[in-house]
Every structure is written in C-alpha cells, then in structure tokens.
Amino acid sequence: MLQTGSSLGSGSASAAQDAADETVAHAEDAAQQAVSTPSRWKRRWTIIALCFIAFMLCNMDRVNMSIAILPMAQQYGWDTATIGIVQSSFFWGYLLTQVLGGVWADKFGGKRVLSFGVIWWSMATALTPLAASLGLPVLLVMRACMGVGEGVAMPAMNNLLSRWVPVGERSRSLALVYSGMYSGSIMGLALSPHMVSRLQWPSVFYVFGFIGIFWFLAWEKNASSSPAVDNKISKEERDYITSQTIKQREDTKVPWKLILSKRPVWALILSHFCHNWGTFILLTWMPTYYNQVLGLDLMKSGIYSVLPWITMAIAANIGGWVADAMVQKGVSVTKVRKIMQSIGFLGPAFFLTQLSKVTSVGGAVACMMACQGLDACSQSGLYSNHQDIAPRYSGVLLGMSNTAGVLAGVLGTAATGMILQTGTWDDVWRVAIGLYLVGTVIWNLFSTGEQIID
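Looking now at the overall build of the protein chain. Helix and strand content of the protein chain: 19 helices and 0 strands. Counting only residues that meet the buried cut, the protein chain has 56% of its 454 residues in that class. Nonlocal contacts in the protein chain, meaning residues at least 24 apart in sequence, comprise 85% of its contacts between residues at least 6 apart. When the accessible surface of the protein chain is summed, it comes to about 19000 Å², and 66% of that surface belongs to carbon and sulfur atoms.

Rendered as structure tokens:
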C-alpha cells in the first residue's frame, strides 16, 4: 500500500512537472514570437514624425515676427524699409548654413545637426525681445543668429530621409515633413495675435522658443541618423529600407566639380531661387498686406493669414500621394517632377495676377489660398529632386539650391519694403510673377528625375 501510494505521489509530481515545463515552453514561444513579430508602427515613421514637429517649430518661430512686427514697428517707430530689413535679417544667417548644414549632416549625421539647429534657433527666438530692447543692430544680429540655426534644418532633414525612407515613399514622406512648416505657420499665425493682445508681443518669442527644448529631449531619446546605427529598429524593416535606398559611402568627400558641371543641378538651383522669391514674400509680408491694403486689424490679419497655410498643408500631402502614385504606375520620375513643379510655378503666378482685380477681403484671401495651395506641389517637384539626381549628396545639394532660395528671401523681403516706399503691392506681385515664369521655363528645359551623380 505504501509502495502504491508512493507511486501515485511520484506520478502526480511528474505530471505537475510536465505541466509546468509545458507552460514555460509556451511562455518562451510566446515571448519569442513577440520579439520576432515586427511592430505595426515602423521606426521610420517615428523619424518622419519628429522631423515634422521640428519643421513645425521652425516656421512657428519664423512667422511670429510677421505678427509681432506690427506692434514692434509702432513701439520703435520703424518705417516700411526698416521693417523689410528686420524681416530679411533672419535670412542673412539662414544663408550662411545651407551648404554647411548639408556637409555637416553628411559628415556627422543628420541627428546631431538637426539637434544643434533646433536648440540654437530656439535660444535665439527666446532672446529676441531682449535684443530688440538693446537696439536695432542687436536685433538684426539676433535674427541672423536664429537664421543660422534654421539654416541647417532642411539639409539635415534631407540627409535623414535619404537614409530612412524608401524610394516609393519619398514624395509623400517629404510632403508630410514639409507640411510641418505649413502647420507651424498655421499655429504661429493663429496663436500670435491672441498672445500679443493678451500678453504683449514679447510673449510669442518666449513661449515658442522654449517649446524647442521639449522637442530636443524627445529627439535625443528616439532618433538615429540612419537605420544602420539605430538600436530600436526591427531587422525586417532595416533590411527593407536598405534594399530600397542608396547605400551610403564611408568617405565624405564631395565631388564639387562634378556636381557644378551638371545642367540639372543648375536648373534646380535657379528654379529654387525663382520659387522662393514669391514664397518668402507671402510668408513674411502677408499679415502686413492684409493690414495695409485690406484694412484688417492685427487679430484679423493673423486669422486670415492662417487660411492659405491650411490649404498648403493639405495640398502638399495630396500632391505627394499623387506623385508617388504616378511613379508607381510607371510614369517617369522626370515627367512627374516637371508636372508637379510646373503647377507649383504657374498656379501661384496666375492667382497673383488676380489680386489686383479683387476688392473684397474674401476675394483676396481666396487668391492667397489658391496661390499657396498650388505652390505646395513644389514639394513633389524641385524639393524631391535632390534625392533623385544625387542621392548620396542630397544634403549638400539641398544646401546649395536652398542657398539660392534663401538669397531670394533676403533680396525679395528687403526689396518689397523698398518697393512699397514709392510703389504699390501690384509692383511687388509683378516681380514675383515674372520669376515664376522664368522658373517654369528653366525647369522644363533642363531638369531631370534620373540619377546623374553616383
């Protein structure tokens, strides 16, 4: 009996042990499956989302001056020429780091360069009221310092996305990131008038500047310069991205002579200049136009200035999806880039010609909305072309073309103030229209969507 009981006890213990072993085995299998199953949220989406937010902050910190400039001009007694100089001083610094930003991003990685840019321009933004109180020269220097930080953003982002985003997702990813700029304009123009009226104009610089610190902390924790050095990406996603992007070389030597010898490169540079002349005028002078021509107060000028940027944010993403769909259906990349950029040139040119014919606020705002909305097609045109023609040097190439674009911002913003001293807003629009047409011709004659630099 004792032997039987002992046998039964031994059998029970064995069964229990077997059950426990089976449970552990199931748990290990489940854990292994959880590790090997790729997450639905892709790591590249995190990079894209953080770049979107960085670009949103970029334009929030930039457009707040277009609202604050009105009470600042009253407080300090500035005329339109001085306003134009203050508005353009940002571009002095912005111009300096376009090419450098691309070189730095290729050498040190897009993560580090974008980190530097956001912290630098956020500090300069927060210090703007102090600089203004110390005098106009100090303010101009501070705005130029802010431009130094923002100048590296585009080249660094272009470098990051060339490593993180497969070719088939390029147009819509770039469009989404650039729509962060439009979203930043929307938020900046919507919030600034309320902040100015309730908290005085320095508040927009303090608040917007300190937001950049929170972005920096999130970026440092979650971003990497490429999938190859990222420790959070799945093997499946890393392999997929690697197979769909150009492998980066270890050396960082830039073939300047080869790059500058290519016609499509010059077409890109000149077209960027023609495009940005009109874009930067609208970015910096739109609230002033609403105030001076349409007689709107500060609050309404800010609100109506938001609407064209909403149109632009929506149109950029629609254009990106349309461009990618055309490529996936077999339309050549060259044809897609030419179609999208032609819309980005001719659409704004047409609606700027209509501004002189409208007399109502609604009509003027509708023209501005159409102008900016069609302009957004450029994100799938010239702004996507750097990675097409020179994927290994896309950051440097964007820096080069954006230098021309920023030069247009410096000249166009300052020239607008001077033109308005003796001329009219129609004179301002005529210059922009002429450059849009010149850009259309250059782009369609000399641009390409094919890789021309290995």
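This brings us to a nonpolar patch on the surface. Taken together, the side chains of Tyr 206, Val 207, Phe 210, Ile 211, Ile 213, Phe 214 and Leu 217 define a hydrophobic patch exposed on the protein surface, amounting to about 680 Å² of accessible area. Along the chain, Ile 213 turns up in helix H10 (residues 202-222).

Right, let's get into unusual backbone geometry. Positive phi, normally seen in glycine, also occurs at Gln 200, with a value near 75°. Turning to its location among the elements, Gln 200 is positioned in the loop between helix H9 (170-199) and H10.

One pass over the full model with this rule turns up 4 salt bridges. Put simply, Glu 150 and Arg 62 hold a salt bridge, and the shortest N to O gap is 3.1 Å. One end of the pair, Glu 150, is in helix H7 (residues 136-151); the other, Arg 62, is in helix H2 (residues 43-76), and 88 residues separate them in sequence. Comparing Glu 150 with Arg 62 shows no difference in burial state: the two are buried. The salt bridge involving Asp 427 is made with Arg 430; its shortest N-O contact spans 2.6 Å. Residue Asp 427 and its partner Arg 430 are located together in helix H19 (residues 425-446), separated by 3 residues, close to a single helical turn.

Here the focus is the environment of Val 441. Mapped onto the elements of the fold, Val 441 is located in helix H19. According to the relative accessible area criterion, Val 441 is partly exposed, its value standing at 48%. Sequence separation between Val 441 and Ser 271 is 170 residues, and the spatial gap between their C-alpha atoms is 9.1 Å.

Ranked by size, the top nonpolar core spans 120 residues in total, and within it Met 72, Leu 114, Tyr 178, Tyr 182, Tyr 289 and Trp 429 carry the most contacts. In terms of residues, this core owes the most to one element, H2, which gives 18 residues. If we ignore the near neighbours within four places in the chain, the residues touching Leu 114 are Cys 51, Ala 54, Ala 153, Ala 156, Leu 160, Trp 215 and Trp 219.

Moving on, we get to helix H17 (residues 382-389). Counting buried positions along H17 yields 8 of 8 residues, so the element is predominantly enclosed. Packing partners of the buried residues in H17 comprise helix H8 (153-164), H9, helix H13 (263-292), helix H15 (333-355), helix H18 (394-422) and H19.

This part takes up empty space enclosed by the protein. What the rule picks out here adds up to 2 cavities of 30 Å³ or more. By volume, the largest cavity is sized at about 170 Å³. In terms of lining, the largest cavity is formed by 17 residues, of which the most central are Met 154, Met 181, Tyr 182, Thr 279 and Tyr 383. Those elements that place two or more of their residues in the lining of the largest cavity are H2, H9, H13 and helix H14 (298-328). When residues of the lining of the largest cavity are assigned to their parent elements, the largest contribution, 5 residues, is made by H13. Looking at the lining of the largest cavity residue by residue, the class counts come to 10 nonpolar, 5 polar and 2 charged. Approximately 50 Å³ is the volume found for the second largest cavity. Taken together, Arg 62, Val 63, Ser 66, Gln 87, Phe 90, Phe 91, Arg 143, Leu 283 and Thr 284 form the lining of the second largest cavity. The set of elements that each furnish at least two residues to the lining of the second largest cavity consists of H2, helix H3 (80-96) and H13. By residue class, the composition of the lining of the second largest cavity is 4 nonpolar, 3 polar and 2 charged.

Quick look at the packing of aromatic side chains now. If you walk through the whole model with that rule in mind, you get 20 aromatic pairs. For the pair Trp 41 and Trp 45, a centre-to-centre distance of 5.4 Å together with 80° between the ring planes defines the contact as edge-to-face. The class for Trp 41 is exposed, based on a relative accessible area of 52%. Given a relative accessible area of 33%, Trp 45 falls into the partly exposed group. Ring centres of Phe 345 and Tyr 436 lie 6.2 Å apart, and the angle between their planes is 55°; on these two criteria the pair is classed as tilted. In this pair, Phe 345 sits in helix H15 while Tyr 436 sits in helix H19, placing the two residues 91 residues apart along the sequence.

The next point concerns the layout of surface pockets. Approximately 210 Å³ is the volume found for the second largest pocket. Where the lining of the second largest pocket is concerned, the elements lending two or more residues are H9, H14, H15 and H17. With 3 residues, the top contributor of residues to the lining of the second largest pocket is H14. In the lining of the second largest pocket, the residues fall into 5 nonpolar, 6 polar and 4 charged.

On to the side chain of Ser 305. In this structure, Ser 305 sits in helix H14. Setting aside residues no more than four positions away along its own chain, Ser 305 makes contact with Leu 189, Met 286, Pro 287 and Tyr 290.

It is worth spelling out the environment of Leu 176 at this point. Structurally, the position occupied by Leu 176 is in helix H9. Leave out the neighbours within four places in its chain, and Leu 176 touches Ile 48, Phe 52 and Asn 317.

This part is about the packing of helix H5 (residues 110-126) against H7. For the pair H5 and H7, interaxial distance at closest approach is 7 Å and the crossing angle is 160°. Judged on the interaxial angle alone, H7 and H5 are roughly antiparallel. For H5 against H7, the interelement crossing comes out left-handed. Packed against H5, whose contacting residues are Gly 117, Trp 120, Trp 121, Ala 124 and Thr 125, the element H7 presents Met 142, Cys 145, Met 146, Val 148, Gly 149 and Glu 150 at the interface. In the contact of H5 with H7, the residues fall into 7 nonpolar, 3 polar and 1 charged.

Definitions and limits used
- Residues numbered from 1 in each chain as written.
- Predicted model: local features only at pLDDT ≥ 70, side-chain atom pairs only at ≥ 80, totals over all residues.
- Heavy atoms only, no water.
- Helix = DSSP H or I, 4+ residues; strand = E, 2+ residues; numbered from the N terminus.
- Buried < 20%, exposed > 50% of the residue type's maximum accessible area, 1.4 Å probe, protein only.
- Contact = heavy atoms within 4.5 Å.
- Areas by Shrake-Rupley, 256 points an atom, 1.4 Å probe, with all protein chains shown as cover.
- Patch = residues over 30% accessible without salt bridge, like charges linked within 9 Å, V, L, I, M, F, W, Y side chains within 5 Å.
- Salt bridge = Lys/Arg side-chain N within 4 Å of Asp/Glu carboxyl O.
- Core = buried A, V, L, I, M, F, W, Y, C linked by side-chain atoms within 4.5 Å.
- 1 Å grid on protein atoms, 1.4 Å probe; cavity = no way out; pocket = protein on both sides within 12 Å on 5 of 7 lines; lining within 4 Å.
- Points joined across faces, edges and corners; volume = space filled by probe spheres on them.
- Nonpolar A, V, L, I, M, F, W, Y, C, P; charged D, E, K, R; others polar.
- Phe/Tyr/Trp six-rings, centres within 6.5 Å; stacked < 30°, edge-to-face > 60°.
- Axes fitted to C-alpha atoms, helices over the stretch in contact; angles between N-to-C directions.
- Parallel < 35°, antiparallel > 145°, perpendicular 65-115°, else oblique.
- Left-handed = near helix turned anticlockwise from the far one by under 90°.

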